[in-house]
Amino acid sequence: MKQTETLLVELGTEELPPKALKTLGTAFRDGIVTGLAQRGLTHGAVRWFAAPRRLAVLIQDVALQAPDREQEIQGPPADRARDEQGNWTPAAVGFARKQGLEPEALTVVDTPKGPRLCLRTTLAGAQLRSSFNDIIHESIRELPIPKRMRWGASRIEFVRPVHWVVAMLGGESDFGSVLGLPTGNTTRGHRFHSSGEIRLERPEDYAETLAGAKVIADFEERRAMIREQVEVEASALNAQAVIDTDLLDEVTGLVEWPVALTGNFEPRFLSVPAEALVSSMKEHQKYFHLVDADGALLPHFITLCNIESKDPAQVIAGNERVIRPRLSDAAFFFETDKQHSLFSRLEGLRNIVFQQKLGSLYDKSQRVSRLAGELAAQLGGNVADAERAGLLCKADLGTQMVLEFADMQGIAGAYYARHDGESPEVAAAVEEHYWPRYAGDRLPQGLTAAAMGVADRLDTLVGIFGIGQPPTGSRDPFALRRASLAVLRILVEKELDLDLRECLALAVQGYSADALAEGTAEQVLDYMLERFRAWYEELDIPAEVFKAVSANKPGRPLDVQRRVLAVHAFSQLPEAAALAAANKRVSNILDKLEDGFRFGDVRSDLLQDPAEHTLAERLAVLGSESEGHLAEGAYSEALSCLAALQAPVDAFFDEVMVNTEDPVLRGNRLSLLHSLRERFLRVADISQLAVPRNN
């Protein structure tokens, strides 16, 4: 008797959302695989399919039945099962009845908590045939669909109306109904190149059968075909196609049978900012744009059709007619906007609200201008350029170009600033102060742009925190998490040694005295530095390393980075664990001292035991040496130097009584320990590295 079969599930639908198609396809696959695993049903290779009108999963060698398994249900302790007369107790009777048995059917097993009553049973393994329908329904319920829809008079919900369902185990295909439709073995091909139902004889024939009906069901295969076709079309023009990953995925979700065609637009449009043209082609028409060897935009585009046209020239002409008005609009907006300088648009920002309690974008631009200038001064940059860029950085929000193409914000402003004769630094800062826009994005290049980027984000952070609207859970309407990480990246990766505590205080000064809550700057600082935690987790740096550094409440992100890397390197040394434990012990001793206890200089004449003599001498020498390293910001070298204290510290704790009855000796020894801790605290609180051991 055959023990395994090939499984196929297909949901045939109206056109699915192209941007979500890949996610839906992989989630449907994961749901089916999880359903099998939960029932103990083993399987072989898994293949998933996602096309505009279908989601499908094909799994080979699926076990038709899971193995039986033993189940042990433990009851009350055995010594409470019978009373003094040997009769079953209510606890034993109740447990047995709950299992549908008499107490005599129970056994006794030894457990870590002593002998207990027990019922051992054999559970029959799950049957694939009887579970198949449930597995499909469970997978559908778990799909990441934010908003489901209904169709017709039915109350059934799915992301799009469903028209057919395939469910096959080998040659069998009747497994009840799914989403109100009977399961079967008939699918459908391309909407235009195929007609009628297509019968599947075997699940293994699925991909090949659909390919014959002009459907490439495999998402990754279709994606690769599109990339290859686009590159071939581009090479015919000695050009390079710019293939954005997200656009490629979206186009893959739009077509079942991809056919790439090349179209053209008038070269006159190349006088318009390339970003606006690309936005028109990419966002609105889903075209791939072409560039030359120098990266300059060419007057061509590549579109993907979902049919093999008998007259492709007509298809190309149609696409050219569609894109022309959009490019004409972009050209009109560009020429019209240039008739007014960016500076002249500042007054218009008074009518655009930044935040109801924080004023208009005009108010924000004034604050950012002042703060950017102050930051530029600290960085040794051009203060005048930073102040000018701060004034102009939001001015393009009132232009027609940005109103039509939202992703041109900053980019359009840079074009207009150059047209107005602004300095190259100012024009670049108007665009680059938005960088990085997302994780892993590029950083602003010049000092003016960097100062602007930091100033703009700090103004937003203190403003929103100051009115009591910090991020909560997943809610972050002002993208403050992203803003915080952007500031940290700019300061750390560009090695700009600004003190965030001072910068935030300057940002707060930009608001009126009663506009923000007291303590806003410190609240924002804590929030921003906490973002470092996730940063270092991604670098596989243990959380206790960051805790060791953050214990000193540092304010300079670049300094935090250097200290964290130094402490992480120190934590790998053989001496680190012992020194961390010793520092923990020192902290515990000193923290228990009464308030008002005063540490003094260590007096050599009060050192009695050889171990305390040695520790004091080594601490004086190594401490002085580490200070030299700290003066140069060489934290790793300073900690490596102090690591040599391990042996004298261990000997001190082994041989010296700290809390001796003599108060003078005790005070001197406590001062010695205080000096030891302070040496390490100059870098970090390494006692945080002392991770408790599990017994």
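So, here's what we can say about the structure. All figures in this text were calculated on a predicted structure; none of them were measured in a lab.

**Some details on the overall build of the protein**
Assigned secondary structure in the protein consists of 24 helices and 19 strands. Its C-alpha atoms give the protein a radius of gyration of 35 Å, clearly above 26 Å, the size a compact globule of 695 residues would have. Here the protein holds 695 residues, and 50% of them are scored as buried. Expressed as a percentage of contacts within the protein between residues at least 6 apart in sequence, the contacts between residues at least 24 apart total 69%. Of the roughly 33500 Å² that the protein leaves accessible, carbon and sulfur atoms contribute 48%. Side chains of the protein give 76 positive and 100 negative charges; the mean places of these two sets differ by 5 Å.

**What to know about the pattern of salt bridges**
Evaluated as defined, the whole model comprises 42 salt bridges. Notably, a salt bridge pairs Arg350 with Glu347, separated by 2.7 Å at the nearest N-O pair. By relative accessible area, which is 47% here, Glu347 ends up partly exposed. Salt bridges here are not isolated pairs; linked through shared partners, they connect Lys364, Arg367, Lys394, Asp456 and Asp459.

**A word on the environment of Leu665**
Along the chain, the position of Leu665 falls in helix 24 (residues 663–681). Placed 58 residues apart in sequence, Leu665 and Leu607 show a C-alpha to C-alpha distance of 7.9 Å. If sequence neighbours within four positions are ignored, Leu665 has contacts with Leu606, Gln608 and Thr660.

**Section: the sheet that holds strand 16 (residues 288–291)**
Whenever strands of a sheet pair, they do so through backbone hydrogen bonds, lying parallel or antiparallel. Taken together, the four strands give an open sheet; going across it, the order is 14-16-17-15, and neighbouring strands pair in antiparallel fashion. Because the sheet does not close on itself, it has two edges, and the strands there are strand 14 (240–241) and strand 15 (259–264). The sheet contact formed by strand 16 and strand 17 (residues 297–305) spans three bridges and is antiparallel. Bridge pairing in strand 17 places His289 opposite Phe301. Across the sheet, helix 8 (residues 312–337) touches strand 15 and strand 17, and the angle it forms with strand 15 is around 55 degrees.

**Some remarks on the environment of Tyr434**
If you trace the backbone, Tyr434 turns up in the loop between helix 13 (424–432) and helix 14 (447–466). Along the sequence, Tyr434 and His137 sit 297 residues apart, while their C-alpha atoms lie 45 Å from each other. When sequence neighbours within four positions are dropped, the list of residues in contact with Tyr434 reads Cys393, Lys394, Gln409, Gly410 and Arg457. Within polar-contact distance, the side chain of Tyr434 engages the side chain of Lys394 at 3.4 Å.

**Some thoughts on the packing of helix 20 (residues 576–591) against helix 23 (residues 646–655)**
The interhelical angle for the contact between helix 20 and helix 23, taken along N-to-C directions, is 45 degrees, at an axis separation of 10 Å. One finds that helix 20 runs oblique with respect to helix 23. Considering the relative orientation of helix 20 and helix 23, their crossing is left-handed. Here Ala578, Leu579, Ala582, Arg585, Val586 and Ile589 of helix 20 come into contact with helix 23, specifically with Gln646, Val649, Asp650 and Phe653. Taken together, the residues of the contact of helix 20 with helix 23 sort by class into seven nonpolar, one polar and two charged.

**Focus on the layout of surface pockets**
Within this model, the largest pocket holds a volume of roughly 720 Å³. Lining the largest pocket are 21 residues, and of these Glu275, Val278, Lys282, Ile411 and Arg442 lie nearest its centre. Of all the secondary-structure elements, those providing two or more residues to the lining of the largest pocket are helix 7 (274–284) and strand 16. With six residues, the top contributor of residues to the lining of the largest pocket is helix 7. Across the lining of the largest pocket, the residue classes tally to nine nonpolar, three polar and nine charged. Its boundaries defined by the atoms lining it, the second largest pocket holds a volume of some 550 Å³. Lys394, Tyr434, Asp456, Phe478 and Arg482 are, among the 19 residues lining the second largest pocket, the residues nearest its centre. Of all the secondary-structure elements, those providing two or more residues to the lining of the second largest pocket are helix 9 (361–379), helix 14 and helix 15 (480–493). Tallied by class, residues from the lining of the second largest pocket come to 10 nonpolar, three polar and six charged.

**Here's the deal with unusual backbone geometry**
The residue after Trp435, namely Pro436, is reached through a cis peptide bond having omega -5 degrees. Phi at Asp61 is positive, roughly 50 degrees, even though this residue is not glycine. As for its placement among the helices and strands, Asp61 is situated in strand 3 (residues 54–63). With relative accessibility at 44%, the residue Asp61 sits in the partly exposed group.

**Regarding the nonpolar core**
The biggest cluster of nonpolar side chains holds 128 residues, and the ones touching the most others in it are Met401, Leu458 and Leu645. With 11 residues, the top contributor of residues to this core is helix 14. Excluding residues that lie within four positions of it along the chain, Met401 makes contacts with Val272, Pro273, Ala276, Ala330, Phe333, Phe334, Asp337, Met408, Ala412 and Tyr416. Among the nonpolar cores identified, the runner-up in size contains 37 residues, and Leu24, Phe28, Ile135 and Phe175 belong to it.

**Things to note about the sheet that holds strand 6 (residues 116–123)**
Strand order in the open sheet formed by three strands is 4-6-5, and the pairing between neighbours is antiparallel. Two strands in the sheet have a free side with no partner beyond their single neighbour: strand 4 (69–77) and strand 5 (107–109). Pairwise comparison of adjacent strand axes, ignoring direction, gives a mean angle of 45 degrees for this sheet. As judged from the seven bridges shared by strand 4 and strand 6, these two strands associate in the antiparallel manner. Paired with Pro77 across the strands is Arg116, a residue of strand 6.

About the cut-offs
- Residues numbered from 1 in each chain as written.
- Predicted model: local features only at pLDDT ≥ 70, side-chain atom pairs only at ≥ 80, totals over all residues.
- Heavy atoms only, no water.
- Helix = DSSP H or I, 4+ residues; strand = E, 2+ residues; numbered from the N terminus.
- Rg over C-alpha atoms; globule rule 2.2 N^0.38 Å.
- Buried < 20%, exposed > 50% of the residue type's maximum accessible area, 1.4 Å probe, protein only.
- Contact = heavy atoms within 4.5 Å.
- Areas by Shrake-Rupley, 256 points an atom, 1.4 Å probe, with all protein chains shown as cover.
- Lys, Arg positive; Asp, Glu negative; His and termini not counted.
- Charge placed at Lys NZ, Arg CZ, Asp CG, Glu CD.
- Salt bridge = Lys/Arg side-chain N within 4 Å of Asp/Glu carboxyl O.
- Pairing = 2+ DSSP bridges.
- Axes fitted to C-alpha atoms, helices over the stretch in contact; angles between N-to-C directions.
- Polar contact = N/O pair within 3.5 Å; in protein donor to acceptor, adjacent residues only side chain to side chain.
- Parallel < 35°, antiparallel > 145°, perpendicular 65-115°, else oblique.
- Left-handed = near helix turned anticlockwise from the far one by under 90°.
- Nonpolar A, V, L, I, M, F, W, Y, C, P; charged D, E, K, R; others polar.
- 1 Å grid on protein atoms, 1.4 Å probe; cavity = no way out; pocket = protein on both sides within 12 Å on 5 of 7 lines; lining within 4 Å.
- Points joined across faces, edges and corners; volume = space filled by probe spheres on them.
- Core = buried A, V, L, I, M, F, W, Y, C linked by side-chain atoms within 4.5 Å.

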